[in-house]
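# Chains, contacts and geometry: an overview
Residue-level listing of the chains:
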Amino acid sequence: MRLATWNVNSVNARLETVLKWFEAEKPDVACLQEIKCIDEKFPAEAFERLGYNVAVHGQKTYNGVALLSRTPMEDVLRGLPGDPTDEQSRYIEAVISGPKPVRVASIYLPNGNPIATEKFGYKLAWMSRLHAHAQTLLALEEPLALMGDFNVIPEATDAAHPSDWTGDALFQPESREAFRALKWLGLTEAFQAMDGRPDSYTFWDYQGGAWPRNNGIRIDHALLSPQAADHLRACVINREVRGWEKPSDHVPLIVDLDL
DNA sequence: ATGGTAGACCTTCTA
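Right, let's walk through the structure included here. Only a predicted model underlies this, so the values are computations on that prediction, with no experimental measurement involved.

A few words now on the layout of surface pockets. Unoccupied space between atoms shows up once a probe the size of one water molecule is rolled over them. If you add up the space inside the largest pocket, you get close to 440 Å³. In this structure, the largest pocket is lined by 24 residues; those nearest its centre are Tyr108, Pro110, Asn111, Gly112 and Asn151. Partitioned by chemical class, the residues of the lining of the largest pocket number 8 nonpolar, 8 polar and 8 charged.

Another point: the sheet that holds strand β1 (residues 2–7). Spatially, β3-β4-β2-β1-β14-β13 is the arrangement adopted by the 6 strands of the open sheet, whose pairing is mixed. If you trace the sheet from one side to the other, it starts and ends with β3 (53–57) and β13 (232–237), each paired once. Averaged over all pairs of adjacent strands, the angle between strand axes in this sheet comes to 10°, irrespective of strand direction. Looking at chain direction, β1 and strand β2 (residues 29–33) are connected through 5 bridges and run parallel. Bridge pairing in β2 links Thr5 to Cys31. The sheet strands contacting helix α1 (residues 15–25) are β1, β2, β4 (65–69) and β14 (253–257), and the helix crosses β1 at an angle near 160°.

This part is about the packing of helix α3 (residues 118–138) against helix α4 (residues 173–184). Across the interface, α3 lies against α4 with an axial gap of 10 Å and an inter-helix angle of 5°. It follows that α3 is roughly parallel to α4 by the angle criterion. Taking contact as the criterion, the partners of Phe120, Lys123, Leu124, Met127, Leu130, His131 and Ala134 in α3 are, on α4, Glu174, Ser175, Ala178, Phe179, Ala181 and Leu182. Considering only residue class, the contact of α3 with α4 consists of 9 nonpolar, 2 polar and 2 charged.

For the rest of this paragraph, the subject is the pairing of strand β12 (residues 220–224). A regular strand places its side chains on the two faces of the sheet in alternate fashion. Within β12, 5 of the 5 residues are buried, which leaves the element mostly enclosed by the surrounding structure. Burial of the side chains of β12 extends over both faces: Asp220, Ala222 and Leu224 are buried on one face and His221 and Leu223 on the other. Where strand β9 (residues 188–189) meets β12, 2 bridges bridge the pair, whose relative direction is antiparallel. By the bridge assignment for β12, Glu189 is matched with Leu223.

The rules we used
- Residues numbered from 1 in each chain as written.
- Chains lettered and ligands numbered in written order.
- Predicted model: local features only at pLDDT ≥ 70, side-chain atom pairs only at ≥ 80, totals over all residues.
- Heavy atoms only, no water.
- 1 Å grid on protein atoms, 1.4 Å probe; cavity = no way out; pocket = protein on both sides within 12 Å on 5 of 7 lines; lining within 4 Å.
- Points joined across faces, edges and corners; volume = space filled by probe spheres on them.
- Nonpolar A, V, L, I, M, F, W, Y, C, P; charged D, E, K, R; others polar.
- Pairing = 2+ DSSP bridges.
- Helix = DSSP H or I, 4+ residues; strand = E, 2+ residues; numbered from the N terminus.
- Axes fitted to C-alpha atoms, helices over the stretch in contact; angles between N-to-C directions.
- Contact = heavy atoms within 4.5 Å.
- Parallel < 35°, antiparallel > 145°, perpendicular 65-115°, else oblique.
- Buried < 20%, exposed > 50% of the residue type's maximum accessible area, 1.4 Å probe, protein only.

Dropping the structure here:
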C-alpha cells in the first residue's frame, strides 16, 4: 500500500502538475495540504476520473487539506480536536477501508512566523492538541499514519543552511521539542527509519534561487504507529518534482507499506 | 543594493 503526502500550494493552480504526478506514482492514498479553496471549489471530478474517493476540509484563500483514496473512507474527521474556536482548516483524518484498514491524517501544521507574534503561540498550542489527539489514536493500537507539512525542521542536518533558520518558527527549540515529544509517544518517523540521509529536503523556497542552489529544508513528514511501522518497506522523497513546470514549493513524500 | 517568488484576491496577507 502506497501512502503519500504533498503540500501542493493551491490544488487548482497546480491541477495539471498534480494529476501528472498521480498518474506517475499511483498512490493508494494521498494527503494534500494548502489546497487553498473551499470544499465546493475542490476539483473532485478530476480525481474521481482517476479512480479516487475524495474527502475535503477546505477553506477560502488559505490552508485547506484533503484525502484521496482508492478505497472508500470511513470515520472522516474534519478539524483537529481540542479547540472548537479554531477556524483554520489544517487537519482531516479517515479510516482507509480494505482487508487491512489504515487510519490516515492529512496535516498542515501552522507555520508560526513571526515568532514574536501570536502566530507562534498558535503553532505551539496546535502541536499540543496534536500531541493529545495522537495519544488517543495510539491507544487504539491500529495501523496509523500522520502525514503532512509539519512546518518543523527536526535537526540541523535537515537544512542546507541551518544558521539561516535560527530566528524562524520552523527551527525554534520549542517547535523541535514538540515534534520530538510527539515521536516519543511511540511514532516512527518513516524517512528517518528507512532512508535517513542528511541533506534530503522536501521544500525549497520560491525566492532567492533556493532550488537551483539546493537551499532546502525537510519539513514534510510521515509518522507511523507501531502497527503501521511493522510493515514499513520504503520511504522516498520525490525531489525531481521540484524541477517540473509550475512546481509547488514542496515535493511529495511517499511511504510504502507491506499491507 | 533594503530587492527577491507565488497564490489568492481587493491591495494586502500568508508562506
